[in-house]
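Coordinates in review
Listed below, chain by chain, are the residues.
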Protein chains: 2
Amino acid sequence: MKLANMLGERFRETPADCQIASQIFMIRGGYMKQVANGIYTLLMPAKRITRKIENIMREEMDAIDGQEVMFPVVMPGDLWRESGRFDAIGSELLRMKDRGGNDMVLGMTHEEASVHAVRGTPKAEGNFPFMIYQIQTKFRDEPRARGGLIRVREFTMKDAYSFHTSQECLEKYYERAYHAYERIYARCGVPEVVAVKSDSGMMGGKVSHEFMLLTDIGEDTIITCPECGYRSNMEAADCVVVNEKRGEEELTKVATPEQKTIEDVCNFLGCEPKHMCKAVVYQENLTDKYVIVFVRGDLEVNETKLRNHLGCEIHPATEITAESGIVAGFIGPVGITKNATVLFDKSLEGTDNLVCGANEEGYHMTGFSIERDAKVDSFCDVAKTYQGAICPVCGKPVISVSRGIEVGNIFQLGTKYSHSMGLQFQKKDGSFEDVIMGCYGIGVGRLCASVCEVRHDDYGPIWPMTIAPWQVHLCAMRADKPEVREAADKLYEDLKKAGVEVIYDDRPVSAGVMFSDADLLGVPVRVIVSPKTLARGAVEVSARDKSFRQDANVETAVAEVKGIVDKMLAELNNVD
Amino acid sequence: MKLANMLGERFRETPADCQIASQIFMIRGGYMKQVANGIYTLLMPAKRITRKIENIMREEMDAIDGQEVMFPVVMPGDLWRESGRFDAIGSELLRMKDRGGNDMVLGMTHEEASVHAVRGTPKAEGNFPFMIYQIQTKFRDEPRARGGLIRVREFTMKDAYSFHTSQECLEKYYERAYHAYERIYARCGVPEVVAVKSDSGMMGGKVSHEFMLLTDIGEDTIITCPECGYRSNMEAADCVVVNEKRGEEELTKVATPEQKTIEDVCNFLGCEPKHMCKAVVYQENLTDKYVIVFVRGDLEVNETKLRNHLGCEIHPATEITAESGIVAGFIGPVGITKNATVLFDKSLEGTDNLVCGANEEGYHMTGFSIERDAKVDSFCDVAKTYQGAICPVCGKPVISVSRGIEVGNIFQLGTKYSHSMGLQFQKKDGSFEDVIMGCYGIGVGRLCASVCEVRHDDYGPIWPMTIAPWQVHLCAMRADKPEVREAADKLYEDLKKAGVEVIYDDRPVSAGVMFSDADLLGVPVRVIVSPKTLARGAVEVSARDKSFRQDANVETAVAEVKGIVDKMLAELNNVD
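Residues numbered from 1 in each chain as written. Chains lettered and ligands numbered in written order. Predicted model: local features only at pLDDT ≥ 70, side-chain atom pairs only at ≥ 80, totals over all residues.

1. A closer look at the sheet that holds strand β5 (residues 95-97) of chain A
Residue and element names in this part refer to chain A. To be explicit about the condition: Pairing between strands is defined by DSSP: at least two bridges between them are needed. Only DSSP runs of H or I covering at least 4 residues are called helices, and only runs of E covering at least 2 are called strands; the numbering of each starts at the N terminus. Axis lines are fitted through C-alpha atoms, for helices just across the contact stretch, and the angle between N-to-C directions can take any value from 0 to 180 degrees.
Ordered by their spatial adjacency, three strands build an open sheet running β4-β6-β5, and the pairing between neighbours is antiparallel. With partners counted over all chains shown, the strands left at the sheet margins are β4 (74-76) and β5, one partner each. Looking at each pair of strands side by side, their axes are set apart by 40° on average, direction ignored. Relative to strand β6 (residues 103-106), β4 runs antiparallel, the two being bridged by three bridges. Its bridge partner being in β6, Pro76 is matched across the sheet by Met104.

The following block contains the structure:
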């Protein structure tokens, strides 16, 4: 490809609305163009990268016996009604009517379609297990599309679905898929991606993992234990605390006029947040019923865990009615209204001598002991863990909190979809049972942008050879000179003949423009032909990551460059 | 791939709702499954075929300097408002609102997106020409989805857009695209596809061609001249007739009570349809204004040509009001109402002594001579041509009418989109001009089904080697016998190692089931290992199209089979 003919402008200025490196470089480098919020056209460099990522995914899915299929983007709403998700999912699911007035949806994931493809004829136990996958466009009407390809509305995804007759079989296959994912990340040049325990969310099922690339721009909060290797998404992380007894005191009502927040009360009464019993009020989405969560004063509520505990959607209560009997700012366990669901977080277990609200405007209680004064039947785990908390696996108080981008996820779905949609298998004794499913997804564009986040310098991306848009960036400096033109044109043709992917810059531009454009395209190997290099009978070969820079004899340059490319490819592809 | 593990059942019965061969075989062969009307999930065999077709398209687009990109499936309605198509296109364009209440559309074609990708920064004349293409999902809310993958609502399409600074440059590139299309069809095994002149329809532009595969199940009517090679879609075909003078007669009103149709009047008056002047009444879609078309009594109106002539959408008038002055069944040119647009087709030019309506209930005229009695200013060409009509190119009366499936189209768009959407280039003198565009489309699934239509026998498809789901179908008959199991397993592994794509059937089923399944999968080369073949130290190698059937020595079978596959591939791929 000649750079001069390629669609897509490169420029030096950072666009005003770009925040993160991958977005900045992929816009500045002419990789893509925004069509609407969270909707992009991929131009040639981005299309080439994502196609290579897709091919790596395809090879790894084929290697674990995947069968490639193609589900529809547009599906009938009735299919999603069968699983219950047509009504359960909010406005992320884009709905429309077709010309016949039928409800249709745009696929954001394809569990329903996969069950539809598999069900119909009775299947014997011996037909299982099998896995089907596709690589296709999906749409999720994200409220906060941001960061270029990191969080978009329309995206290409590799999604896979496996079908089993036993939990053991699912677990065995889940393990294979897990390792296939590790291979995909390693081959794409980011072997540092880690798997963390995750919340299954709207997908259903019990066991699930997210694959995380740790970086400060990540939207997910990752919990790790440096001692035992425990890893979890914050959403799914247990919060373990140990409370030291402070010695019981008498329960006493004290006036705290206008003192409504934890900070107010601590200042007013001279106590620490961790010695308070904090109340957080939510409402159930459909019923508007209040939910009061009591948690240790220094901790936050983990809404994902709360949602899972309650089994319904909730939202923070923004307005609290007088009739509810809830006295906002002064809520406490003693004498709490019967009109709300009341939950006690595990962080309060064993606490004594706390400060809590008195359920009366302008009053708090001191000397509150949870077992003595609140007679709690059971504590639940709905608090967010925190830096230095206790590891739920090894018990050491060394929990570490960091940020990550989710670049893949795998779920043990169980029978959620097969049961609701009638997908069964026939056992040897003739009886029928629900099929057990797993599902496995990776967003292609997000992986591309994530690689850029962790593989770039100040001047542009440094693409790993396996997914780079081209393998070699050939710069002809002063192509107006016949000797440069001749040598560079010949090298271009010979490299192509040798099967090397070359982007060729023979424009009459300055070295500065030529090199800054090359930096933005991030091609791993650069070859420079100039009057200077030719004067010493050579071309200059260097790495985008600056790991080497050397001369190659003009006569043998093709073989040398090809050797470098092949070595870089092999280093990334030879995993496990 | 082992057939035993593959998703998708094969069966013998023709499904009730299947009419055409490709649909019957692709449903019976487990290639795909219908999810909704005109919406399918492609299972492994269809996915493999379509991926191979896509790769051929990609290679041929790259060979004419195409840059692969990826436009969005979901686009903002405002982008389509810029070109005017948001309002101009009917309910084929699926519209929806996103969560922000914005109008969105599902892409049925991507002219708007391509202009969006290209415009923005000023481009100099020297940056042109270039072509961008994508292979992606599209949606067209077809009222009459039918025939499996032939006419669907959701489909994968290769669409390409070229950009030029002069008409000459467009024409030169159009020629290259035309030949690239011929290569694509030849490589996919259907070199008999022909290009015909076509109507540009909603795409705009003047010159366009459709690529047609002639078959009786086609929905398009193709006009060809066996003498000079003239080819056109009926929609765009000129209708040329020569009328012999019959000798003038006096214009006379005759009573024709209740005689309203051409047939009625001919019987009643004893004349021939071609000696009548027929009236057909339409209404303009937006204004409801009547349009009366006079045409020779034995011919039909070509509504596409009529639409283009009028420059607006029309529909046949179903009800004619009394106020209009139009006397349905008795309409004639003499004394016709002034409240309608009146058109005379060229087929009436030079006619004399015709029968026409008298614009009075129960009366016709005889002896009508068009020049003498109607004083027509100009005739237009809005009639359908017919078998035996005169060729508009060579003038011989040998026009032939046949049916075809449109498997691709190319358009010289001109400046329709660049002008309305503000895409200009800067000339050397500093001034700006609209960019000139071409566009080029092929539906992937339709091409797949079309190949099946013309490459099958009574038992299933006969896929050309280049697009076959697998290259070799290996049948192990009596795999329960250790010698068969061992030889077949080894052959399977060795063929795979040699780079041959093999589907391997080692199921404990009868020869009848095994062969009928193989016929349905249509893999071009079949290899049979059985106790019988092994007894003579051989395996049997045959062609799905029955062109050969021979023994291969067990020891040398891999090389022999590989040689056959490579030869078949080369025969199809070596085109120019």
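2. Remarks on the interface of chain B and chain A
Stated precisely, the cut-off is as follows: Whether two residues are in contact is decided by their C-beta atoms, placed from the backbone, lying within 7 Å. Side-chain classes are defined by residue name, with Ala, Val, Leu, Ile, Met, Phe, Trp, Tyr, Cys and Pro counting as nonpolar, Asp, Glu, Lys and Arg as charged, and the others, Gly among them, as polar.
The interface is formed by 41 residues belonging to chain B together with 41 residues belonging to chain A. Breaking the side of chain B that touches chain A down by element, the ones donating at least two residues are β1 (32-36), β2 (39-42), α2 (44-63), β3 (66-68), β4 (74-76), α5 (111-118) and β8 (130-139) of chain B. Looking at the side of chain B that touches chain A residue by residue, the classes come out as 26 nonpolar, seven polar and eight charged.

3. Regarding the environment of Gln134 of chain B
Residues and elements named next belong to chain B. Looking at the secondary structure, you find Gln134 in strand β8. Along the chain, Gln134 and Gly77 lie 57 residues apart, while their C-alpha atoms are 21 Å from each other. If sequence neighbours within four positions are ignored, Gln134 has contacts with Glu68, Val69, Met70, Phe71 and Asp159.

4. Topic: helix α6 (residues 167-187) of chain A
All names here are of chain A. Note the cut-off: Residue count minus one, scaled by 1.5 Å, sets the expected span of a helix. Any residue whose C-beta has 12 or fewer other C-beta atoms within 10 Å is treated as exposed, any with 20 or more as buried, and any in between as partly exposed, C-beta atoms being built from the backbone.
The terminal C-alpha atoms of α6 lie 30 Å apart, and with 21 residues this matches the ideal 30 Å at 1.5 Å per residue to within 8%. Within α6 the residues assigned to the buried category are Leu170, Tyr173, Tyr174, Ala177, Ala180, Tyr181, Ile184, Tyr185, Ala186 and Arg187. Looking at the buried residues of α6, the elements they touch are α2 (44-63), β9 (154-164), β11 (208-214), β21 (400-414), β24 (436-443) and α15 (557-573). Among the residues trailing α6, Gly189 stands out with phi positive, at a value near 90°.

5. Examining the environment of Glu235 of chain B
All names here are of chain B. Relative to the helices and strands, Glu235 resides in the loop between β13 (231-233) and β14 (252-255). For the pair formed by Glu235 and Ile222, sequence separation is 13 residues and the distance between their alpha carbons is 8.7 Å. Every residue in contact with Glu235, bar those within four places of it in the chain, is listed here: Ser198, Asp199, Asn302 and Thr304.

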